[in-house]
Structure formats: C-alpha cells, structure tokens
Amino acid sequence: MSAVRAAPPHHRRTARTAADVRASAHVCLAASCLASGADTVLAALDDEVAGRGLADVEVKRVGCLRLCSAGPLVEVAQSGQLFEHVTAGDLGGVIDALSQVRPDRPRQVSTRPFFTRQRPLVTENFGRVDPESLDDYVAADGYRALRQAITSMTPAQVLGEVTSSGLRGRGGGGYPTGLKWATVAKATAPDGVKYLICNADEGDPGAFMDRSVLESDPHRVLEGMAIAAYAVGANSGFVYCRAEYPLAVSRLRTAIRVARRAGYLGTRVCDSTFAFDVEVRLGAGAFVCGEETALIASIRGGRGTPRPRPPYPAASGLAGRPTLINNVETFAGVPWIIRHGGGAYAAIGTPRSTGTKVFALAGRVRHTGLVEVPMGLTLREIVFDIGGGVPDGRAFKAVQTGGPSGGCLPADHLDMVVDYESLKEAGSIMGSGGMIIMDDTSCMVDVAKYFMDFCRDESCGACVPCRVGTTQLWMLLDRITRGTAERADLDQVERLSSTVAAGSLCGLGQTAPNPVFSTLRYFRQEYLAHIDEGICPAGVCSISEAHA
Amino acid sequence: MTVHTLTIDGRDVAAPDGSSILAAARESGIPIPTLCHLDGLGDVGACRVCLVEVDSHVNPAARPQPACMTAVREGMVVVTVGQRLSELRRTVVEMLFAERNHVCAVCVADNHCELQDRAVDVGMRHVDLPSVEPLLDVDASHPLFAIDHNRCIMCTRCVRVCDEVEGAHTWDVAGRGIDARVVTDLGTPWGESTTCTSCGKCVQVCPTGALYEKGRSVGAGAKRRRPFLPYLREHRPAGEP
C-alpha cells in the first residue's frame, strides 16, 4: 500500500524541450499501476535510458493509461505501443521500441478496439499529461477555457454553453447541469455568498472513474470548478474527497497549490477581478456522504446524515447559502465544452443523453479498466468490443451498472443503448459509471444480497425504512441463499423493498432495493430454485442441509 | 406575511409561508400520525410515519413526503390518507417493533407509549417482519434516570431537546445503520457525564420506555406521561387526556 500512498519524488536527469525529444516513454502512475510496481518501473526505465545515454529519450510520468488490469503500463507515445505488465527487471521491449522511433515517421496510435472505440474527452489528457505538472497541463490547452470564460464571456454566456451542451450530472442522477447552474446563479443569499462543491466521494463498489480523473488530471477538475464558480457567482469551493484516495488527494492538493501560485485560483483569477479558491475536505469513510445534504453536513463537521429535500442545496446548501454541487466527472467535462462549444458536445451521444461517459469496467471481463465512450453505444459494444468479453470461455450472465443503487441487466439486454433513459427503463441506472460484468459463476441472489449488505452497512440509521428495512431485507435474502426460505419470504422481500424505496429519506435508502428489483425481474427463476428446490444454479450459495 | 392556500384531503386550508404541512393540517383538525416530531423541537423527518402524498394527482409516482418537514406551497394538493400511505405507515411501525425489544406487557411505558399508540393508529396488529432484536445494554449509571436501548426507537427527541432547549448537548447519535445508538458525552456512561444537567427533559420527551426515571418506574406501565413543559407539547387529539 505504501506505493499507492506516495509516489517517490522523480527527478528528471536532464531538462529537455519538446523539440529535443525523439521518443518518450509514458509510465502510468495512477493508483492501480503504482500498486503493481509502476514506481520501480519508472526508476528502472530512467536508469536504463540514462545508462544507455539516450539523450533524446524522455521518460515521463503520466496519469491512467486505462488498461488497468494489465499494469504496470508503459506507452511509447510516438509509436502508440502499449507495454503491459512491465517489470523493473524486464524493460527490453520498451527500450527497443524507444530506439526504433524515427522522428520522420508520423505519430502512430493504437489500433486495439479497446482504445479505438473510445472517445476521450474528459479523459483526453490521460496518459499524456504529467498529473503533477501545471506546465504540462497548460501545454495541453489547460486553463484556456477558464481564461476564455473570464476574459471574453459573461457568466450568462458560460451558462448558455453548458445548457446547450445538454450535459447531465455524471454522479448518477443525470440532472441537467445547465439547469442546476442556472438555479444557483439565480438564487440569492442575504450576504451574497454562494458556495461550490465538487463531490469526489466516489463509493460504489467497483467504480473508480473519479479517482482516475483526480489522479490523472487534477487541474481539469479545478478548471471546471472555477468556470462553474464564475458562471454561478461563487467565490469559494470545496472538493469533498474520500480519505481512501490518498494519491488523488495528494495530487489534488499539489494542483491547488500550484494553480494558486500561477494565478488560476485565488483573489485574481487569470488577472481578473474574479476571485475563487478551493479547499479539500476529506470524508471519513461513509458512503452516504456522497448524498449532497449529508455531504454538506459532513463538510461543516457534523454527522453525515441527510436531511429531506427540498430545500435543495441550490437554494439552501452549505451554511444555508446557495450551493452548487457537481460530481468530479461533471466538472471535468466543462473545460472541453467551453473550448469547443456546447453545440459540439451536444453533437456527441444521443439527443437526451449527450456527450461521453466514463465507465470503470470491472469483474469478469478481459480488459478491466477505464473507458470513455460516447453515450448511445450498446452494452454489447462496451462489454465485448471494448472490454474484450468474458474470459476463460465462460458465458456472459449480467452486467451491473449504477452500483448499489443500480441493477443487473441480463444477456438479452446487451443490444440496449446505454443512456440515462434506457438504463432506467430497464430497471437499472446510469449511476456514476461502475460497470461490473458477471459470468455464469455468479449467483444473482448472492449478488443482490451483497449489495443489500453494502447498503445495510452504509445506512446512516436516521430514517426507519432504510435503517431497519435494509437489515431485514438482508436477513431475508440471507435466508434464501441458505435454502431455508419459503415462498412467503419472497413475497415479503417484494413488499419490504417497495416500502424501503418509497419511504426512505434519502437516495441511499430509496434506491437500495434496486438490485433486488432488477434481479427479481430478470432472474426470478434463480430465487425460486433456491426456495423451491434448494439449489443454487450457479453453485455459489451453500444451501443448508436442512433443506435437503 | 404571505399566506398560501392549499388543499389537504380535499379541504381548502390557509397557512402562513414557511409553515409545514403538518402544522397546517393540525390547525384544521386533520390528523396526521407522527412519532419523531414534537411541537417545540426542530424536525428531522426520520420516522416516516407522517408521510403524505404531495401533488400526487399530477405525478402519481411521486414519492411521499414527510408532513413535518415539507413546507406549504400555494396550490399544493396534499393527501394524508389512502391505501399506499396506510401500508407505508403500518410497515414503518412494524419495522420499529421488529428492530428492538418491544414487549409491551413488561415495559415501563405500557399504556403510556407513543409507539404503542401509533401501532393502534395505523392498525398494526402483529409483526411479520424478521425480528432483528439485538441484546442491548441498559445504562443505569445516572443517579436519577436510566436508558434501556432495547426500547429506543432512535427518534432523537432526547438529542434535540438536550441540544435545542437545555443547551447541554449531552446526547448524540453514534454508530450508523442498524448499529446507531443514542449516546451521552461521546459514549461515556450517563452517570459520568460532565455535561448532563439532570434536567430530565430527555426522559419527558422520550416516546417509549427507553428513558425512564429510576426508583418509581420499574414496574410495567409505571412510566406516566408527565405534563410537558409549556414549550414542548405532545400532540393529543381533542378529547384525550
């Protein structure tokens, strides 16, 4: 774990300008590659390049190279070759590839479907920019959108671009971002104070989009926040990040420090009269703190307990002031929208779900990692074309989207288009972007029980339906997986699920039964097999002998 | 002062801006069951017993809202009765009975218990849901009072009265989910609390037999409803003692 906590300081042996560089090796230093030893690869590569006297070769630390399961990853930028599972002791292939780069050859890109089917927009700097270098970010058009917004656009024009982009909240709810911004822009506080919060409390099991963005391109999030602050009239912002993301927090803090020094944050943003600064607040490990009212309570130092809405934070949020809360990915999408225009963004994706979405592919899929795709691709394209399908010759069974608030979609939904509406209609949700692929070794009752256990554990305990209901649902599902349940228990699961969904105070409880609803909808026969026949079709549950 | 007119159960009702649906309904004599709400204390909307349908004629799928915390709006259409609401309220009360140990026959609050009253109100006659019933502690370290966590329903009235009225903030909530408990002084025994003023307000506002006075109230039904301080009022329908 220590490798994840702090990457060792990296000193470039020689200062080079872009013109001097013939070939460059990009070493992924996001958490997953670091955990598998990317820091030692970086040091070894540095030594090797220096040892061989390759003066025109640059070894660069970059953010996520996306194919997380194959880390540590090193990419030779000019040839587009990606080296997987690189170890400090075996750099041969990388060195050879670096030697073979010819300055007169055009830059190559990977032809693998994992990469070609993606449309990097939020993640456009991934694997290209050193996440700890402001210069690198600025060289990649960084902070251009902020300068453009502040110097040549009115707040209303910025708002107009975001509204016309059709961008919707990427935290999962899909609320139109432009509308949310407009509400905050119009809201007034007696003292004129407004706040802006970036929700980086990513907590869905199997989801790592926000972590990757913060680790790979933290300045982009700050830039998006500053643009939003300008549009809504806020001068003070917070990033609420979970403490379990030490690397993201440290890179974010570095980014804030250097952005402040360079005048992109502070009292005179981009030499204008607009003032905006950002503070980092750490979460203490509660999933419910991703809910905006609980998040606000937590930022103020209180117990992370949600309160009923309305009033929405846009009207009365942090310290009772109008507060804009967006997710990391939402803010990270904003600079692109300002640079290219809302229309260009709206041209990507589907009419009601515009733009791109970052997904974290996990579970039983060949290429585990981070993907950014235009809205409107089918699940099949994401899971099979990009994800490479299910490994070990097993059969695809279901894909889980939306984490504990989402649902499991079966194979006959593979040709469904991925956008907010279709997913909701099918009984799941877009969610923040976690996508867990399951094969025939997964028992769907067990999956439902797993997510219910998660919600039960993460419930804050304030309202009765969530506090008691999730525990009782978990007890009933546990009974089913042990083979001691009766049909009446299944009826009770359905009745209880409806009560928890309708009666709970916040989104956690309201959506906690979704995994149960969706597995009952598509895999009811598995529930019945457990109850009536005492069989777990996937062979996961240990059915008690009492039944047999 | 702005006044809004709205409809509650088909009746036209006028209520000042900022007032809750609950206040507006009660002023017009329309009963809405409550549990965590107490006149004089801030609301938290936690028990979900006061859920009502708001503008369900426009959007039938809309989630019910807590009457105690939902502000009235001009033209709002509120429905406080119906099969869906009855079912919800009954299940919520049933959940509370299944959560901890609520055996009325041996409880100090028997016949003087708001949870018991609500069970009658919502027509809950038996508990079908799986019972959680952990074996919890009784903290009797305070010289005058005791708390039996087995009978606590986490309404947090004690937390609120101690903070908002007495200003001591001895009580708070620790833990989360099903493991959440009210605690004194960050979890130190009540008797060792340095902030507790022994005012007894928490005991007075407790709707069940969880908080009780020592000595006189060990027998079943011994915890009487004492007259509340004038600024704290339990709502009792007209005609009830």
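Residues numbered from 1 in each chain as written. Chains lettered and ligands numbered in written order. Predicted model: local features only at pLDDT ≥ 70, side-chain atom pairs only at ≥ 80, totals over all residues.

(A) Representation of the overall build of chain B in the model. What chain B contains, in helices and strands, is 5 helices and 10 strands. Considering only C-alpha atoms, chain B reaches an extent of 55 × 45 × 35 Å along its principal axes. The 241 residues of chain B split such that 42% are buried. In chain B, the share of contacts with a sequence separation of at least 24, taken over all contacts with a separation of at least 6, comes to 65%. (Helix = DSSP H or I, 4+ residues; strand = E, 2+ residues; numbered from the N terminus. Buried ≥ 20, exposed ≤ 12 C-beta atoms within 10 Å, placed from the backbone. Contact = placed C-beta atoms within 7 Å.)

(B) Structural detail: the domain arrangement of chain A. Its domain assignment divides chain A into domain 1 (2–7 + 18–110), domain 2 (134–346), domain 3 (373–439) and domain 4 (444–533). One C-alpha centre belongs to domain 1 of chain A, the other to domain 4 of chain A, and the line joining them spans 47 Å. (Domains from an automatic or database assignment.)

(C) Highlighting the sheet that holds strand 3 (residues 51–54) of chain B. All names here are of chain B. Strand order across the open sheet formed by 5 strands is 2-1-5-3-4, with mixed pairing between neighbours. Where the open sheet ends on each side, the last strands, each with one partner, are strand 2 (11–16) and strand 4 (65–66). Where strand 1 (residues 3–8) meets strand 5 (residues 77–79), 2 bridges bridge the pair, whose relative direction is parallel. If you follow Ile8 over to strand 5, its bridge partner there is Val78. (Pairing = 2+ DSSP bridges.)

(D) A look at the packing of helix 10 (residues 209–216) of chain A against helix 14 (residues 328–340) of chain A. All names here are of chain A. Where helix 10 contacts helix 14, the two axes come as close as 9 Å, and the packing angle between them is 45 degrees. Put simply, helix 10 runs oblique to helix 14. Counting all contacts with helix 10, which are made through Met209, Asp210, Val213 and Leu214, the residues of helix 14 involved are Val328, Glu329 and Ala332. Tallied by class, the residues present in the contact of helix 10 with helix 14 amount to 5 nonpolar, no polar and 2 charged. (Axes fitted to C-alpha atoms, helices over the stretch in contact; angles between N-to-C directions. Parallel < 35°, antiparallel > 145°, perpendicular 65-115°, else oblique. Nonpolar A, V, L, I, M, F, W, Y, C, P; charged D, E, K, R; others polar.)

(E) Representation of the interface of chain B and chain A in the model. Every contact between the two is made by 28 residues of chain B and, on the other side, 25 residues of chain A. Element by element, the count of residues in the side of chain B that touches chain A is highest for helix 2 (residues 83–99) of chain B, at 7 residues. Its residues assigned to classes, the side of chain B that touches chain A shows 19 nonpolar, 4 polar and 5 charged.

(F) View of the confidence of the model for chain A. Model confidence for chain A is summarised by a mean pLDDT of 93, while 96% of its residues fall at 70 or above. Below pLDDT 50 for its whole length, residues 1–15 of chain A participates in 19 contacts with residues either more than four positions away or in separate chains. (pLDDT = per-residue confidence, 0-100.)

(G) Region of interest: unusual backbone geometry. Of note, the amide linkage connecting A:Gly71 to A:Pro72 takes the cis form, showing an omega dihedral of -5 degrees. Here the amide bond leading from A:Pro310 into A:Pro311 is cis, since omega sits at 0 degrees, within 30 degrees of zero. Structurally, the position occupied by A:Pro311 is in the loop between helix 13 (292–299) and strand 8 (323–327). A positive phi angle, close to 55 degrees, is found at A:Ala319, a residue other than glycine. Among the structural elements, A:Ala319 can be located in the loop between helix 13 and strand 8. Assessed through the 13 C-beta atoms surrounding it within 10 Å, A:Ala319 is described here as partly exposed. For B:Asp55, which is not a glycine, the phi torsion comes out positive at approximately 50 degrees. Looking at the element boundaries, B:Asp55 is found in the loop between strand 3 and strand 4. Its 17 C-beta neighbours within 10 Å are what place B:Asp55 among the partly exposed residues.

(H) Region of the structure containing the confidence of the model for chain B. When the pLDDT values of chain B are averaged, the result is 92; 93% of them are 70 or greater. The ipTM value of the predicted complex is 0.94, and its pTM value is 0.93.

(I) Up close: the domain arrangement of chain B. Residues and elements named next belong to chain B. Looking at the assigned domains, one finds that chain B contains domain 1 (3–81) and domain 2 (104–213). For domain 1 and domain 2, the distance between their C-alpha centres works out to 27 Å. The partner domain 2 presents 12 residues to the 10 residues of domain 1 that form the contact. In terms of residue class, the side of domain 1 that touches domain 2 is made up of 9 nonpolar, 1 polar and no charged.

(J) The sheet that holds strand 12 (residues 407–410) of chain A, seen in detail. Residue and element names in this part refer to chain A. Reading across the sheet, the 5 strands line up as 10-9-13-11-12 and stay open at both edges, with mixed pairing between neighbours. Of all the strands in the sheet, the pair left with one neighbour each is strand 10 (369–374) and strand 12. Geometrically, the sheet is characterised by an average inter-axis angle of 30 degrees between neighbouring strands, direction not taken into account. As judged from the 6 bridges shared by strand 9 (residues 356–363) and strand 10, these two strands associate in the antiparallel manner. For Val358, the partnering residue across the bridge sits in strand 10 and is Glu372.

(K) Up close: the environment of A:Cys466. All names here are of chain A. With respect to the secondary-structure elements, Cys466 resides in helix 19 (residues 464–481). Taking C-alpha positions, Cys466 is 7.9 Å from Gln510, a pair spaced 44 residues apart along the chain. Not counting chain neighbours up to four residues away, the residues in contact with Cys466 comprise Ser459, Val500, Ser504, Leu505, Leu508, Gly509 and Ala512.

(L) Representation of the nonpolar core within the structure. Residues and elements named next belong to chain A. Formed by 248 residues in total, the largest nonpolar core has its most connected members in Val27, Ala226, Ile227 and Ala228. It is helix 11 (residues 218–232) that contributes the most residues to this core, 10 residues altogether. Ignoring anything within four residues of it in the chain, the contact list for Ile227 reads Ala145, Leu146, Ala149, Val158, Val334, Pro335 and Ile338. (Core = buried A, V, L, I, M, F, W, Y, C linked by C-beta atoms within 7 Å.)

(M) Quick look at the pairing of strand 7 (residues 277–283) of chain A. All names here are of chain A. Bridging between strand 6 (residues 236–242) and strand 7 involves 7 bridges; their strand directions are parallel. Considered in strand 7, the bridge of Cys241 is made with Leu282. What joins strand 6 to strand 7 is helix 12 (residues 246–261), and the crossover it makes is right-handed. (Right-handed = clockwise from strand over helix to strand, strands pointing away.)

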